[in-house]
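Report on the structure
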Amino acid sequence: MQLTNRSKNVVNKKMSFAERIYLVAIAKGMWITLKHFFRKNNTHNYPDVKRTFAPVYRGWHVLKRDANGAERCTACGLCAVACPAEAITMTAAERERGEEKLYREEKYAAVYEINMLRCIFCGLCEEACPKEAIFLTDRIVPSDYVRQGFIFGKDLLVEGVEPEKRVDVSVRQKHIQEKKQAATAAQ
Ligand code: SF4
Ligand code: SF4
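The text that follows walks through the structure, step by step, so that each part is easy to find. (Residues numbered from 1 in each chain as written. Chains lettered and ligands numbered in written order. Predicted model: local features only at pLDDT ≥ 70, side-chain atom pairs only at ≥ 80, totals over all residues. Heavy atoms only, no water.)

Around ligand 2 lies a shell of 14 residues, among which Cys 73, Cys 76, Gly 77, Cys 79 and Cys 129 are the nearest. Residues that form the shell around ligand 2 fall into these classes: 11 nonpolar, 2 polar and 1 charged. (Near = heavy atom within 4 Å. Nonpolar A, V, L, I, M, F, W, Y, C, P; charged D, E, K, R; others polar.)

Turning to the packing of aromatic side chains, a few remarks are in order. Applying the stated criterion across every chain yields a total of 4 aromatic pairs. Arranged with centres 4.4 Å apart and planes meeting at 20°, the rings of Phe 53 and Tyr 57 form a pair that is stacked. A relative accessible area of 32% places Phe 53 in the partly exposed class. Of the residues examined, Tyr 57 reaches a relative accessible area of 27% and is grouped as partly exposed. With centroids separated by 5.3 Å and ring planes inclined at 65°, the aromatic side chains of Trp 60 and Phe 152 adopt a geometry described as edge-to-face. Here the residue Trp 60 occupies a position in strand β1 (residues 59-63), and Phe 152 occupies one in strand β5 (residues 151-152), the gap between them amounting to 92 residues. Across the pair, exposure class does not vary: Trp 60 and Phe 152 are buried alike. Its guanidinium or amino end placed over the ring of Trp 60, Arg 139 lies 4.6 Å from that ring's centre, counting from NZ or CZ. (Phe/Tyr/Trp six-rings, centres within 6.5 Å; stacked < 30°, edge-to-face > 60°. Buried < 20%, exposed > 50% of the residue type's maximum accessible area, 1.4 Å probe, protein only. Helix = DSSP H or I, 4+ residues; strand = E, 2+ residues; numbered from the N terminus. Lys NZ or Arg CZ within 6 Å of the ring centre and 35° of its normal.)

Time to look at a nonpolar patch on the surface. A cluster of nonpolar side chains, Met 15, Phe 17, Ile 21, Tyr 22, Leu 23, Ile 26 and Met 30, forms an exposed patch at the surface whose accessible area comes to about 740 Å². A total of 3 residues in the nonpolar patch trace back to one element, the largest contributor, which is helix α2 (residues 23-37). Among the secondary structure elements, Leu 23 is positioned in helix α2. A relative accessible area of 54% places Leu 23 in the exposed class. (Patch = residues over 30% accessible without salt bridge, like charges linked within 9 Å, V, L, I, M, F, W, Y side chains within 5 Å. Areas by Shrake-Rupley, 256 points an atom, 1.4 Å probe, with all protein chains shown as cover. Salt bridge = Lys/Arg side-chain N within 4 Å of Asp/Glu carboxyl O.)

This paragraph deals with unusual backbone geometry. Note that the residue after Tyr 46, namely Pro 47, is joined by a cis bond; omega there is 5°. Along the polypeptide, Pro 47 turns up in the loop between α2 and β1. Positive phi values are uncommon outside glycine, yet Phe 121 reaches one of about 50°. Structurally, Phe 121 is set in the loop between β3 (107-115) and α4 (124-128).

In this section: the side chain of Glu 126. As for its placement among the helices and strands, Glu 126 is situated in helix α4. Residue Glu 126 is classed as buried on the basis of its relative accessible area, which comes to 13%. If we ignore the near neighbours within four places in the chain, the residues touching Glu 126 are Ile 134, Phe 135, Leu 136, Arg 172, Gln 173 and Ile 176. (Contact = heavy atoms within 4.5 Å.)

A word on the pairing of strand β4 (residues 134-137). Side-chain alternation along β4 places Ile 134 and Leu 136 on one buried face and Phe 135 and Thr 137 on a second face that is also buried. As defined by bridge partners, β1 adjoins β4 across 4 bridges and the pair is classed as antiparallel. Each residue of the ladder has a partner; that of Leu 63, found in β4, is Ile 134. (Pairing = 2+ DSSP bridges.)

See below:
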């Protein structure tokens, strides 16, 4: 089956003198290089110059708390099931008496981990969550030298209790809703 018409039949014919000296090929290559030399530079001087990301950029996840500071996640596992990269693992635990302020429901994730090396930032975990507990954000996952550094546990995923440590996902969510509505209207 032919998918494109770009395939070429290779012929083992003898090269001509012009082909053997490669001057034409070199000139062609130099011309391409020269054209790029005068084009607008697309590289960014990161970290001095940062690119503006799309408002719906999918980066480092956050596990949200409710208005009272309790963790929303109930360790139902739907995000892990939805994850095509099998990047999410968790261990569920029962909420003890007196822990009502820490966890919103009777069950919570004692351990919740995302392997950022496996994650493809598709956002399916966010869509699968029935508790609005996990969201992707516009934060970039920082680089590291060791693989273990990319296993993000609750210490790196759950937002802080204090107002200044909360992670605002409203702007990104608003853009996502607008895009969905526009797509529905176009159908
Ligand atoms: S963004 Fe996609 S790949 Fe990453 S953890 Fe969520 S579902 Fe898995
Ligand atoms: S983040 Fe949401 S989907 Fe995933 S375990 Fe917690 S409540 Fe369930």
